[in-house]
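Now for the letters of each chain:
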Amino acid sequence: MDFGDAMGTLASEDYMTDVALVMGGFAAPALVKYGVENKMGKDLPDEAYGATVAVGGALYGGAGRKVAIGGGVHTLEALRTRFTEGNE
């Protein structure tokens, strides 16, 4: 793939939509956390919110699978933070 093809891919509307869906899935657990903790008074680990978004996106299917990827990345990041926090 040459530079022109790579830039064409990055500038394509489909690619940007896919990136937006994944990033939305990564950010969505913060909204779920706000609703659960601030509005319902519950306190769950951050991984639970990412897993909720990942499962919801996977069950929705289609474009929701890209949202599920973002939720999965959020879950992995939350787990990484949990296990490495204080070990430095």
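Scroll up a little and you will see the structure.
Residues numbered from 1 in each chain as written. Predicted model: local features only at pLDDT ≥ 70, side-chain atom pairs only at ≥ 80, totals over all residues. Heavy atoms only, no water.

1. Here we look at helix α3 (residues 46-60)
Each α-helix winds once per 3.6 residues, and so residues spaced three or four apart point in a common direction. Counted only if it meets this: Strands here mean DSSP runs of E at least two residues long; helices mean DSSP runs of H or I at least four residues long; both are numbered from the N terminus. Between the first and last residue of a helix there are one fewer steps than residues, each counted as 1.5 Å, and that sum is the expected span. In what follows, residue pairs with any heavy atoms lying within 4.5 Å of each other are defined as contacts.
Its 15 residues place the ends of α3 22 Å apart at the C-alpha level, agreeing with the 21 Å of an ideal helix rising 1.5 Å per residue. Looking at the buried residues of α3, the elements they touch are α2 (13-40) and α4 (64-84). Positive backbone phi, at 75°, marks glycine 61, one or two positions downstream of α3.

2. Notes on α2
Test applied: By definition, a residue's bend is the angle between the axes fitted to the seven residues ending there and the seven starting there. Burial status follows relative accessibility: with a 1.4 Å probe on protein chains alone, a residue under 20% of its type maximum counts as buried, one over 50% as exposed, and anything between as partly exposed.
Counted at 1.5 Å a residue, the expected span for α2 with its 28 residues is 40 Å, and the 38 Å between its end C-alpha atoms agrees. In the structure, α2 departs most strongly from a straight axis at phenylalanine 26, where the bend amounts to approximately 35° and where the proline proline 29 lies between one and four residues downstream. Taken together, the buried positions of α2 are occupied by Gly25, Pro29 and Val36. Its buried side turned inward, α2 meets α3 and α4. Immediately downstream of α2, the backbone of glycine 41 shows phi near 75°, a positive value.

3. Things to note about the pattern of salt bridges
Inclusion rule: Should a side-chain nitrogen of Lys or Arg be within 4 Å of a carboxyl oxygen of Asp or Glu, the pair is scored as a salt bridge.
What the rule picks out here adds up to four salt bridges. Aspartate 18 is the partner of lysine 66 in a salt bridge, and the nearest nitrogen-oxygen pair spans 3.7 Å. Pair noted here: lysine 66 is in helix α4 and aspartate 18 is in helix α2, with a separation of 48 residues, a long-range link. We note a salt bridge from aspartate 46 to lysine 33, for which the minimum N-O separation is 2.9 Å. Of the two residues, aspartate 46 sits in helix α3 while lysine 33 sits in helix α2, which places them 13 residues apart along the sequence. Overall, the relative accessible area of 32% leaves aspartate 46 in the partly exposed class.

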